[in-house]
Amino acid sequence: MKAIRNVGSYLFGPGALGRLEEVLRGDPRVPAGPVVYLVDHFFAGFTAPLAKLPQRPLDRLIFMDTTHEPSTDQVDQVAARVRADFSDLGGLPGVIVGMGGGATLDMAKAVSNLLTNGGQAADYQGWDLVKVPGVYKIGVPTLSGTGSETSRTCVLTNYQTGVKLGMNSDFSVFDQLILDPDLTATVPREQYFHTGLDTYFHCMETLNGRARNGIVDAYSEKAIDLCRQVFLQGDMQDQSSRENMMIASLMGGAAAGNTGLVHPLSAGLSVVLGVHHGLANCLAMGPLAEFYPPEHAEFLAMAQAQGIKLPTGLGADLSDEQIGKLYASSIVHAKPLGNHLGEGFRDILTPARMAALFRAM
Ligand SMILES: [Fe+2]
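So, a few notes on the structure that sits alongside this text. Given the structure is predicted, the values throughout are model-derived calculations rather than measurements. The numbering scheme is per chain: residues are counted from 1 as the chain's sequence reads. Residue-level local features of this predicted model are given only where pLDDT is at least 70; pairs of side-chain atoms are given and counted only at 80 or more, and the full residue set underlies all totals for whole chains, interfaces and linings. Water and hydrogen atoms play no part in the side-chain values, which are based on all heavy atoms of the structure.

## Regarding helix H6 (residues 214-232)
Piece 1. Secondary structure follows DSSP: runs of H or I at least 4 residues long count as helices, runs of E at least 2 residues long count as strands, and numbering of each begins at the N terminus. One less than the residue count of a helix, multiplied by 1.5 Å, gives the span that helix is expected to have. With 19 residues, H6 should reach 27 Å at 1.5 Å per residue; the first-to-last C-alpha distance of 26 Å fits that figure.
Piece 2. Think of it in three bands: residues with accessible area under 20% of the maximum for their type are buried, residues over 50% are exposed, and the middle band is partly exposed, with areas taken using a 1.4 Å probe on protein chains only. Among the residues of H6, Val216, Asp217, Ser220, Ala223, Ile224, Leu226, Cys227, Val230 and Phe231 are the ones counted as buried.
Piece 3. The secondary structure elements touched by the buried residues of H6 are helix H5 (189-207), helix H7 (239-255) and helix H10 (293-305).
Piece 4. Think of a polar contact as two N or O atoms within 3.5 Å of one another; within protein, one of them needs to be a possible hydrogen donor and the other a possible acceptor, and neighboring residues in sequence only count if both atoms come from side chains. For H6, the N-terminal capping position is held by Asn213, with its side-chain oxygen 2.8 Å away from the main-chain nitrogen of Ile215.
Piece 5. In the stretch just after H6, Gly234 is the one whose phi turns positive, near 75°. When checking whether two residues touch, look at their non-hydrogen atoms; a contact exists if any pair is within 4.5 Å.

This is the structure we're talking about:
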């Protein structure tokens, strides 16, 4: 049994981003030093949300390149830049505000941890390796589904070692969140769907798993219920659906239970082929109907209801070498695979069986 740490406080509602200045200047819990805004590069072309960031002369805004999944190198580089910019303050700003999707939020959490703990991002990939609290961090999600805003991890890929692993730590939890559903109105529809489904997969994998916890189950069940409202009833991106999706993502991240089969296969696709997490999950779910019969049918119904065409044909072009790498980078995720299939998961997911699954994507 382990104590659960949750986000300190959050502000939720349309227009919430407009209250950021009040949070930064009026909340006694927020340190007074300069603010570093780490913002998804997607927003470089949108002046309206950026204009709502209350920047002062000593603050910095750094756009985060989210073309690829976040890497340990990228986190090292951003942390080095922040240290250099604030060298006269011991390399530390007062606050980090991460604004973007899961990739940006994860990088903001990792940079925050790294600034106070020193060393390199790869040193902290694993469980409870972060030693001291990071720089005070505020998250502003602009895409719902990853649960990064409430989770205690920040997933990074080390492209040198092929390891995709988070800094799982209580110190990876945001201190505050600004949850503004207006910000998810401009997300491209496919991306909105793929990312939203991440919550659905996290929660249904948890509920189908062996390691269970009553609080996690309750969060997961409610998050799935909200996903059904979002994706099976009306337009997934209208005002009330965006609000519901933001709540579902929040609950899914707070649940952050052990996953099952979708996430390990998805991780393989991200590490080997560079497929983004949300899309990779949808691809991974494709051949898993036999493992998750009702959820697979519901997933297809959700895509159909929202007019989303799910990609097919990826598996047909994979070389034997790629299949070998996909197997290796999926089967390493023993905890979630065992959570669904038990300790003998390697006897069920043999290299041949896994090859067939990847070829069917
Ligand atoms: Fe996920």
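## Digging into the pattern of salt bridges
Piece 1. Note on definitions: salt bridges are taken to be side-chain nitrogens of Lys or Arg within 4 Å of carboxyl oxygens of Asp or Glu. Taken as a whole and judged by the stated rule, the model has 16 salt bridges.
Piece 2. Among the ionic pairs, Asp85 bridges to Arg60, the shortest N-O distance being 3.2 Å. Of this pair, Asp85 sits in helix H3 (residues 72-85) while Arg60 sits in strand S3 (residues 60-64); the two residues are 25 residues apart in sequence, bridging distant segments of the chain.
Piece 3. Between Arg228 and Glu298 there is a salt bridge, with the nearest N and O atoms lying 2.7 Å from each other.

## Things to note about the coordination of the iron ion
Ideal values for angles at a metal depend on the geometry: 109.5 degrees with four tetrahedral donors, 90 or 180 degrees with six octahedral donors.
Piece 1. Around the iron ion, the protein supplies Asp198 (OD), Asp198 (OD), His202 (NE2), His263 (NE2) and His277 (NE2) as donor atoms, at distances of 2.1 to 2.8 Å.
Piece 2. Taken in chain order, the donor set of the iron ion reads D-x3-H-x60-H-x13-H. Pair noted here: Asp198 is in helix H5 and His263 is in helix H8 (residues 262-273), with a separation of 65 residues, a long-range link.
Piece 3. Note on Asp198: relative accessible area 1%, which makes it buried.
Piece 4. Of the residues examined, His263 reaches a relative accessible area of 11% and is grouped as buried. Listed donors are limited to N, O and S atoms within 2.8 Å of the metal, widened to 3.2 Å for Na, K and Ca; water is not among them, so incomplete-looking sites are possible.

## Some details on the pairing of strand S2 (residues 35-40)
Piece 1. In terms of burial, S2 is largely enclosed, as six of its six residues are buried.
Piece 2. Strand pairing is assigned whenever DSSP identifies at least 2 bridges connecting the two strands. Where S2 meets strand S4 (residues 95-100), five bridges bridge the pair, whose relative direction is parallel. Bridging from a neighbouring strand, Tyr37 pairs with Val97 of S4.
Piece 3. Strand direction decides the pairing type here: S2 and S3, joined by five bridges, are parallel. In the sheet register, Asp40 faces S3, and the bridge partner there is Met64.

## Some details on the packing of aromatic side chains
Piece 1. Aromatic pairing here means that ring centres of Phe, Tyr or Trp (its six-membered ring) are within 6.5 Å. Orientation follows from the plane angle: under 30 degrees is stacked, over 60 is edge-to-face, and everything else is tilted. If you walk through the whole model with that rule in mind, you get six aromatic pairs.
Piece 2. Consider the rings of Phe193 and Phe231, whose centres lie 5.4 Å apart with planes at 80°: the pair is edge-to-face. Of this pair, Phe193 sits in helix H5 while Phe231 sits in helix H6, placing them 38 residues apart in sequence. Across the pair, exposure class does not vary: Phe193 and Phe231 are buried alike.
Piece 3. Taken together through their ring pairs, the aromatic side chains of Phe42, Phe43 and Phe46 make up a single cluster.
Piece 4. Criterion for a charge above a ring: Arg CZ or Lys NZ at most 6 Å from the ring centre, at most 35 degrees from the ring normal. Above the plane of the ring of Phe86 lies Arg60, whose end atom (NZ or CZ) is 5.6 Å from the centre.

Shape is all these values report; function is a separate question.
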